[in-house]
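Listed below, chain by chain, are the residues.
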Amino acid sequence: MSDLSGGRRDTLRAEQIGMIFQQFNLLPFGSVLDNIVLPLRFAPERRGRVGDPKVEARALCEALGIPDVLEMKASALSVGQQQRVAVARAMIGRPPIIIADEPTSALDETSQAAFLDLLFDQVGQHGTALVMVSHDPRLSDRFDRVLRMEDIVQLERQDA
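Residues numbered from 1 in each chain as written. Predicted model: local features only at pLDDT ≥ 70, side-chain atom pairs only at ≥ 80, totals over all residues. Heavy atoms only, no water.

Peer 1: Honestly, the packing of helix H2 (residues 32-41) against helix H5 (residues 79-91) in this entry has me stumped. Any pointers?
Peer 2: If you want to describe how two helices pack, look at the angle between their axes and the distance between the axes. Where H2 contacts H5, the two axes come as close as 7 Å, and the packing angle between them is 35°. Of the two possible hands of crossing, H2 and H5 adopt the one that is right-handed. The segment H2 lies against H5, with Val-32, Asn-35, Ile-36 and Pro-39 engaging Val-85, Ala-88 and Arg-89. (Axes fitted to C-alpha atoms, helices over the stretch in contact; angles between N-to-C directions. Helix = DSSP H or I, 4+ residues; strand = E, 2+ residues; numbered from the N terminus. Left-handed = near helix turned anticlockwise from the far one by under 90°. Contact = heavy atoms within 4.5 Å.)

Following this line, the structure appears as structure tokens:
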């Protein structure tokens, strides 16, 4: 990655990586549909993996349990709905990697479990790798591989 130019890194990121931000980073003045299809504007290859963006956005929303929000403004959504829109935005165009930064931090335990079930179902259906950062150790049982910061620091000390 470090050998690539900034522009090439940007292209690679847009084409191959879907991002779920901790604060969702939705455009509040835009519709849910606008927010979901936004990554396709910057990634022609990813756009090519989508037949009709509106149809795929609708299918993602249905799979994530928010079928009737496409025309709503992002600012009118609940936190849980915003979170699911952020997942749909990350998933559209089937990027091979999803990076999620604390996507469950604003949820209670029951909502967290339901949300993770939906997220894992979606990444499983599309064969997507999920890299997730969380401070919640209870989530580690859901992942194939878990790296803890203290383990990484210890390894770095051993290598020094």
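Peer 1: Is there a simple way to explain the sheet that holds strand S3 (residues 129-133) in this structure?
Peer 2: Within a sheet, adjacent strands bond to each other through the backbone by hydrogen bonds, running parallel or antiparallel. Strand order in the open sheet formed by three strands is S1-S2-S3, and the pairing between neighbours is parallel. Lying at the two open borders of the sheet, with one neighbouring strand each, are strand S1 (17-20) and S3. Adjacent strand axes in the sheet meet at a mean angle of 15° when their direction is disregarded. Bridge analysis of strand S2 (residues 97-101) against S3 gives five bridges, and the strand direction is parallel. For Ile-99, the partnering residue across the bridge sits in S3 and is Val-131. (Pairing = 2+ DSSP bridges.)

Peer 1: What exactly am I supposed to notice about the pattern of salt bridges here?
Peer 2: Side chains that differ in charge, positive against negative, can pair when their charged atoms come close. The final tally for this structure, using the stated rule, is seven salt bridges. Across the pair Arg-49 and Glu-45 runs a salt bridge, and its minimum N-O distance is 3.4 Å. Residue Arg-49 is classed as partly exposed on the basis of its relative accessible area of 24%. For Glu-45, a relative accessible area of 44% gives the class partly exposed. The partner of Asp-136 in a salt bridge is Arg-138, with the nearest N and O atoms 2.6 Å apart. (Salt bridge = Lys/Arg side-chain N within 4 Å of Asp/Glu carboxyl O. Buried < 20%, exposed > 50% of the residue type's maximum accessible area, 1.4 Å probe, protein only.)

Peer 1: Just to check I follow, could you spell out helix H4 (residues 53-63) for this structure?
Peer 2: Quick reminder: α-helices carry 3.6 residues per turn. Residues three or four places apart thus point the same way. By the burial criterion, the buried members of H4 are Pro-53, Glu-56, Ala-57, Leu-60 and Cys-61. The buried side chains of H4 occupy one side of the element, clustering within an arc of 135° when seen end-on. In this fold, the buried residues of H4 make contact with H2, helix H3 (44-48), H5 and helix H6 (109-126). Of the residues one or two after H4, Gly-65 is the one with positive phi, at around 80°. (Arc of directions from axis to C-beta.)

Peer 1: Please clarify how the nonpolar core should be interpreted in this entry.
Peer 2: In a soluble, globular protein the nonpolar side chains are often hidden away together inside. The biggest cluster of nonpolar side chains holds 37 residues, and the ones touching the most others in it are Ile-20, Val-32, Ile-36, Ile-92 and Leu-119. Elements with a contribution of two residues or more to this core: H2, H4, H5, S2, H6 and S3. The greatest single-element share of this core, amounting to six residues, is contributed by H5. Contacts of Val-32, omitting those with residues within four sequence positions, involve Cys-61, Val-69, Leu-70, Met-72, Leu-77 and Val-85. (Core = buried A, V, L, I, M, F, W, Y, C linked by side-chain atoms within 4.5 Å.)

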